[in-house]
Amino acid sequence: LVTLGGAAQAVRVRAAGLEDRVTVLLHDYRELTDRYDKLVAIEMIEAVGWRNFDRFFARGSDLLEPDGLALLQAILIDDRAYDVEKAGRSFITTFIFPGGALPSMEVMARCVRRRTDLQWLGVEDLTADYVLTLRHWRERFLTASGELDTAGYDLRFRRLWELYLRYCEAGFMERRITDVQA
């Protein structure tokens, strides 16, 4: 398995004794040249921006062996709200992920049909579980505030991230946004 990630992921792979089975690449997905039997993208598409959704899926398809499999976990917006999401500025796109955009399921399906030979094998909605996940992340973040202060993350930063975590938790709870694996 090859995964794109950072130093933290590489450390976790080493700690688990999986270096012979998992390679962590510190590369932009657009720069990869090899082909892979499996690809995993966990909440990455939201950061590429709506102008690059086609390119994201096309590149993933190009990187896969003909019988390869891909797993995509994505935060989605309802199809009916996509155009507003794409055109608007929000707390998230202004302060957290500038240039990012949430896709909708229909937008992703159109990109896959238009730019790839990929086929959807299944979609699982993780939204209910994600509400709890975000709650746990927020609680851990708040518990670590002393460590964050020591590491140089000021009160403004901590408040911004607490708001972000609460904002997302509420969005998932109200199902304004969803989290799926496909």
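Residues numbered from 1 in each chain as written. Predicted model: local features only at pLDDT ≥ 70, side-chain atom pairs only at ≥ 80, totals over all residues. Heavy atoms only, no water.

1. Examining unusual backbone geometry
Where the residue is not glycine, phi is negative for most of them; where a peptide bond is considered, it is trans in most cases. Of note in this structure, Glu 43 is not a glycine but carries a positive phi near 45°. Mapped onto the elements of the fold, Glu 43 is located in the loop between strand 3 (36–42) and helix 2 (45–48). (Helix = DSSP H or I, 4+ residues; strand = E, 2+ residues; numbered from the N terminus.)

2. Considerations on the sheet that holds strand 6 (residues 177–181)
Read across the open sheet, the 4 strands follow the order 3-4-6-5; overall the sheet is mixed. Here the strands that pair on one side only, and so sit at the sheet edges, are strand 3 and strand 5 (124–125). Of the strand pairs in this sheet, strand 5 and strand 6 are connected by 2 bridges, and their pairing is antiparallel. For Asp 125, the partnering residue across the bridge sits in strand 6 and is Val 180. Those strands touched by helix 7 (residues 127–143) are strand 4 (64–77), strand 5 and strand 6, and its axis lies near 110° from that of strand 6. (Pairing = 2+ DSSP bridges. Contact = heavy atoms within 4.5 Å. Axes fitted to C-alpha atoms, helices over the stretch in contact; angles between N-to-C directions.)

3. Overview of the pattern of salt bridges
Here the structure, examined in full by the defined rule, presents 11 salt bridges. Arg 35 is the partner of Glu 65 in a salt bridge, and the nearest nitrogen-oxygen pair spans 3.9 Å. With Glu 65 in strand 4 and Arg 35 in the loop between strand 2 (23–25) and strand 3, this pair connects stretches of sequence that are 30 residues apart. When the shortest N-O distance is used, the salt bridge between Arg 113 and Glu 106 registers 3.3 Å. According to the relative accessible area criterion, Arg 113 is exposed, its value standing at 57%. By sharing partners, the salt bridges in this structure join Glu 106, Arg 110 and Arg 113 into a single network. (Salt bridge = Lys/Arg side-chain N within 4 Å of Asp/Glu carboxyl O. Buried < 20%, exposed > 50% of the residue type's maximum accessible area, 1.4 Å probe, protein only.)

4. Some words on the packing of helix 7 against helix 9 (residues 155–173)
Their axes nearest at 8 Å, the elements helix 7 and helix 9 cross at an angle of 165°. On the basis of the axis angle, helix 7 is roughly antiparallel to helix 9. Every pair of crossing elements has a handedness; the one defined by helix 7 and helix 9 is left-handed. In contact with Thr 127, Tyr 130, Val 131, Leu 134, Arg 135, Trp 137, Arg 138, Phe 141 and Leu 142 of helix 7, helix 9 contributes Phe 157, Arg 158, Trp 161, Glu 162, Leu 165, Arg 166, Cys 168, Glu 169, Phe 172 and Met 173. Residues that form the contact of helix 7 with helix 9 fall into these classes: 12 nonpolar, 1 polar and 6 charged. (Parallel < 35°, antiparallel > 145°, perpendicular 65-115°, else oblique. Left-handed = near helix turned anticlockwise from the far one by under 90°. Nonpolar A, V, L, I, M, F, W, Y, C, P; charged D, E, K, R; others polar.)

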